[in-house]
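Architecture and fold: a report
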Amino acid sequence: MLENQKIRPAQVIGPLGEPLTLESLPPASTTRWVVRRKAEVVAAVAGGLLTVDEACQRYTLSLEEFTGWQRAVDRSGMPGLRVTRIKHYRDQYERQQRY
């Protein structure tokens, strides 16, 4: 591990603009993943509060599931994390890439 990767912020800015700390993240026992909770975990990793490996281990996520969340946020923001509309956002992104 590189020396500068050992330093972690005490808090990062969450998806709704609120400060996120390790204590304010969703509990490790979370089984119902709503958009806000997914976005908080993605923001925590992006801000350096957690590593990808730590997030996957803490929340028993596969790497593919977590990277899917990251990709959805990058492409469509928080609405892209909605399970009921995932096909709509995926199709919209693919159409944008063609033109």
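Residues numbered from 1 in each chain as written. Predicted model: local features only at pLDDT ≥ 70, side-chain atom pairs only at ≥ 80, totals over all residues. Heavy atoms only, no water.

The name given to the protein chain in an unreviewed UniProt entry is DUF1153 domain-containing protein, with Sphingomonas brevis as the source organism.

Okay, the pattern of salt bridges next. A complete count under the given rule lists two salt bridges for this structure. Here Glu 54 ties to Arg 8 by a salt bridge, and the two come within 2.7 Å at their closest N and O atoms. Residue Glu 54 is found in helix H2 (residues 52–58), and its partner Arg 8 is found in the segment before strand E1 (12–13); the two are separated by 46 residues along the sequence. Glu 54 sits in the partly exposed class, given a relative accessible area of 30%. With a closest N to O distance of 3.1 Å, Glu 40 and Arg 36 form a salt bridge. Of this pair, Glu 40 and Arg 36 both sit in helix H1 (residues 35–47), separated by four residues, roughly a single helical turn. (Salt bridge = Lys/Arg side-chain N within 4 Å of Asp/Glu carboxyl O. Helix = DSSP H or I, 4+ residues; strand = E, 2+ residues; numbered from the N terminus. Buried < 20%, exposed > 50% of the residue type's maximum accessible area, 1.4 Å probe, protein only.)

Let us look at the packing of aromatic side chains. Counted under the stated rule, the structure contains three aromatic pairs. Here the aromatic cluster, defined as three or more aromatic residues joined through ring pairs, consists of Trp 33, Tyr 59, Phe 66 and Trp 69. (Phe/Tyr/Trp six-rings, centres within 6.5 Å; stacked < 30°, edge-to-face > 60°.)

Positionally, Gln 11 belongs in the segment before E1. If near-sequence neighbours (up to four positions away) are discounted, Gln 11 is found in contact with Pro 19, Leu 20, Thr 21 and Leu 49. (Contact = heavy atoms within 4.5 Å.)

On to the nonpolar core. The nonpolar side chains of a soluble globular protein tend to be buried, and buried together. Counting residues in hydrophobic clusters, the biggest one holds 20 residues, and the most contacted among them are Leu 25, Val 41, Leu 50, Tyr 59, Leu 61, Phe 66 and Trp 69. When residues of this core are traced back to their parent elements, those giving at least two are H1, H2 and helix H3 (63–76). If you tally residues by element for this core, the top one is H1, at six residues. Among residues more than four places away in sequence, those in contact with Leu 25 are Leu 20, Glu 40, Ala 44, Leu 49, Leu 50, Arg 58 and Tyr 59. (Core = buried A, V, L, I, M, F, W, Y, C linked by side-chain atoms within 4.5 Å.)

Now for H1. Relative to the 18 Å expected for 13 residues at 1.5 Å per residue, H1 spans 18 Å between its end C-alpha atoms, a close match to the ideal helical length. If you check which residues of H1 are buried, you get Lys 38, Ala 39, Glu 40, Val 41, Val 42, Ala 43, Ala 44 and Val 45. Those residues of H1 that are buried are in contact with E1, strand E2 (19–20), H2 and H3. In the segment just after H1, Gly 48 is the residue with positive phi, at about 90°. (Expected span 1.5 Å × (residues − 1).)

This brings us to the environment of Ser 24. Mapped onto the elements of the fold, Ser 24 is located in the loop between E2 and H1. Residue classification places Ser 24 among the partly exposed residues on the basis of a relative accessible area of 36%. Each C-alpha atom of the pair Ser 24 and Glu 40 lies 9.3 Å from the other, and the pair is 16 residues apart in sequence. If we skip the residues at most four places from it in the chain, Ser 24 touches Pro 19 and Glu 40.

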